[in-house]
Amino acid sequence: MTLGIDELAGMLSAEGDEMEALLESAGKLKKETIGDGIYLRGLIEYSNICRKDCLYCGIRRSAAVGCYTLSEEEVLECARFAHRNNYGSVVIQGGENQSREHIETIARLVRQIKELSCGGLGITLSLGEQTEETYRRWFEAGAHRYLLRIETSDERLYRSIHPDDSLHSYALRLEALEALKRCGYQVGTGVMIGLPGQGVEDLARDLLFMRDMDIDMCGMGPYVESQQTPLACASGPRLPLEKRYGLSLKMVAALRMLMPDINIAATTALQAIFPQGRLRAIGAGANVIMPNLTPATYRESYFLYDNKPLSFDSKIIENNIRYGEWGDPVHFSKRSGDC
Ligand code: 5AD
């Protein structure tokens, strides 16, 4: 079956038994294609300082939260923890900051993490839009994956959830994704699911966007209101949280069908709605989990949205976790001609 917009929108509208069947077959397809291994990425939330003012985000520039940036030693301590516990790789995530100092610090941290793990830890960066030169610098320092969500591939919707200025340009976001590919990164993107004004056809187009971008990784999850942000305060109809949760699981399943060999994360936002969220996403085709390694004292200042879970219970999925492996997406090796 070729998966076009109608088939995908149909999948995203499935309910009840039909939905369960979809999730199950996507889980099965994952097993058959890339196996049932789950890869860990230790998440280090480096800083909540952000120059952007996205209308939905809890760490937007005008949010009233105390600013923090981890010290280099704190980041290295997280990385050592990941290495000792055989995590395979870490993600350094933070607000968008283009200062010279920030760029240098990240490059230094990447090199130090490589050193302390004798090259063992893979490094993913998720630090927003940067110049191609910066992306190249960080790649040369040793980072090999980059996550930059498109948030929504619909330009009109993108505009409705971002301030209307040149700092929040949809075109620049697309260019940044292209620049990342040119630099040689394994590139990940993703969207928020259940945004005000977003329908199943928009989401189906998001899936086709990811396929057309030929991405290697995806992290996507439900939109969850973050108190006091303009989008949370705006009036208008909203999808109930259970619906956003169900849609997110169906998005994971549909993306697995569309791109069987990429890495798909079972994201934290899923867990924020239902405790079983990440586990269900694994069953529906996800193969990556990002346990949070950020020191507890800072976690409250990195509330992207409300009810963000503060810890991770890996016991249930323990059996399938592939410790000590980078878990590169099969898609990337194919894309870059390794096999
Ligand atoms: N709900 C869900 N996800 C959010 N993010 C930011 N704010 C929210 C929210 N309110 C996600 C964005 C961003 C990532 C770091 O966090 O998709 O890319």
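Just so it is clear, the model here is predicted, and its values are computed rather than measured. (Residues numbered from 1 in each chain as written. Predicted model: local features only at pLDDT ≥ 70, side-chain atom pairs only at ≥ 80, totals over all residues. Heavy atoms only, no water.)

Caption draft 1: Region of the structure containing the pairing of strand 5 (residues 186-189). Where burial is concerned, the two faces of strand 5 agree: the one with Gln186 and Gly188 and the one with Val187 and Thr189 are both buried. Here strand 4 (residues 145-147) runs beside strand 5; their pairing, made up of 3 bridges, is parallel. Within strand 5, the residue paired with leucine 147 across the bridge is glycine 188. Bridge count for strand 5 against strand 7 (residues 217-222) is 2 bridges, and the pairing is parallel. (Buried < 20%, exposed > 50% of the residue type's maximum accessible area, 1.4 Å probe, protein only. Helix = DSSP H or I, 4+ residues; strand = E, 2+ residues; numbered from the N terminus. Pairing = 2+ DSSP bridges.)

Caption draft 2: The packing of aromatic side chains, seen in detail. This model, assessed by the stated rule, comprises 8 aromatic pairs. Ring plane angle 75° and centroid distance 5.6 Å describe the contact between tyrosine 146 and tyrosine 185, whose orientation is recorded as edge-to-face. With tyrosine 146 in strand 4 and tyrosine 185 in the loop between helix 7 (170-183) and strand 5, the pair connects residues that are 39 residues apart, well separated along the chain. Relative accessible area serves as the criterion here: at 0%, tyrosine 146 is assigned to the buried category. (Phe/Tyr/Trp six-rings, centres within 6.5 Å; stacked < 30°, edge-to-face > 60°.)

Caption draft 3: Broad picture of the side chain of arginine 60. Assignment of secondary structure puts arginine 60 in the loop between strand 1 (39-47) and helix 3 (72-84). Of the polar contacts made by the side chain of arginine 60, one reaches the backbone oxygen of aspartate 53; its length is 3.2 Å. With residues up to four places along the chain from it excluded, the contact list for arginine 60 reads Lys52, Asp53, Cys54, Leu55, Thr229 and Pro230. (Polar contact = N/O pair within 3.5 Å; in protein donor to acceptor, adjacent residues only side chain to side chain. Contact = heavy atoms within 4.5 Å.)

Caption draft 4: Region of interest: the side chain of glutamate 129. Along the chain, glutamate 129 turns up in the loop between strand 3 (122-126) and helix 5 (132-141). Judged by relative accessible area, which is 6%, glutamate 129 ranks as buried. At 2.6 Å, the side chain of glutamate 129 forms a polar contact with the side chain of arginine 173.

Caption draft 5: Structural context of the pairing of strand 7. Summarising burial for strand 7: 6 of the 6 residues are buried, a large majority. The sheet contact formed by strand 6 (residues 192-193) and strand 7 spans 2 bridges and is parallel. Looking at strand 7, one finds that methionine 192 is bridged to glycine 221. For the handedness criterion, the β-α-β arrangement of strand 6, helix 8 (residues 200-213) and strand 7 is classed as right-handed. Bridge count for strand 7 against strand 8 (residues 263-266) is 4 bridges, and the pairing is parallel. Within strand 8, the position partnered with cysteine 218 by the bridge is isoleucine 264. (Right-handed = clockwise from strand over helix to strand, strands pointing away.)

Caption draft 6: Quick peek at the pattern of salt bridges. Applying the stated criterion to the full structure yields 25 salt bridges. Here arginine 137 and glutamate 104 are joined by a salt bridge, their closest N and O atoms 2.7 Å apart. Of this pair, arginine 137 sits in helix 5 while glutamate 104 is found in helix 4 (residues 100-116), placing the two residues 33 residues apart along the sequence. Taking relative accessible area as the criterion, arginine 137 reaches 28% and is therefore assigned partly exposed. A residue is classified by how much of its surface remains accessible, and glutamate 104, at 28% relative accessible area, is partly exposed. Of the charged contacts, one joins arginine 182 and glutamate 132 as a salt bridge, the two residues approaching to 2.7 Å between their closest N and O atoms. Residue arginine 182 is located in helix 7, and its partner glutamate 132 is located in helix 5; the two are separated by 50 residues in the primary sequence. Given a relative accessible area of 53%, arginine 182 falls into the exposed group. Accessibility expressed as a relative area gives 25% for glutamate 132, which makes it partly exposed. Salt bridges here are not isolated pairs; linked through shared partners, they connect Arg51, Lys52, Glu96, Glu129, Glu151 and Arg173. (Salt bridge = Lys/Arg side-chain N within 4 Å of Asp/Glu carboxyl O.)

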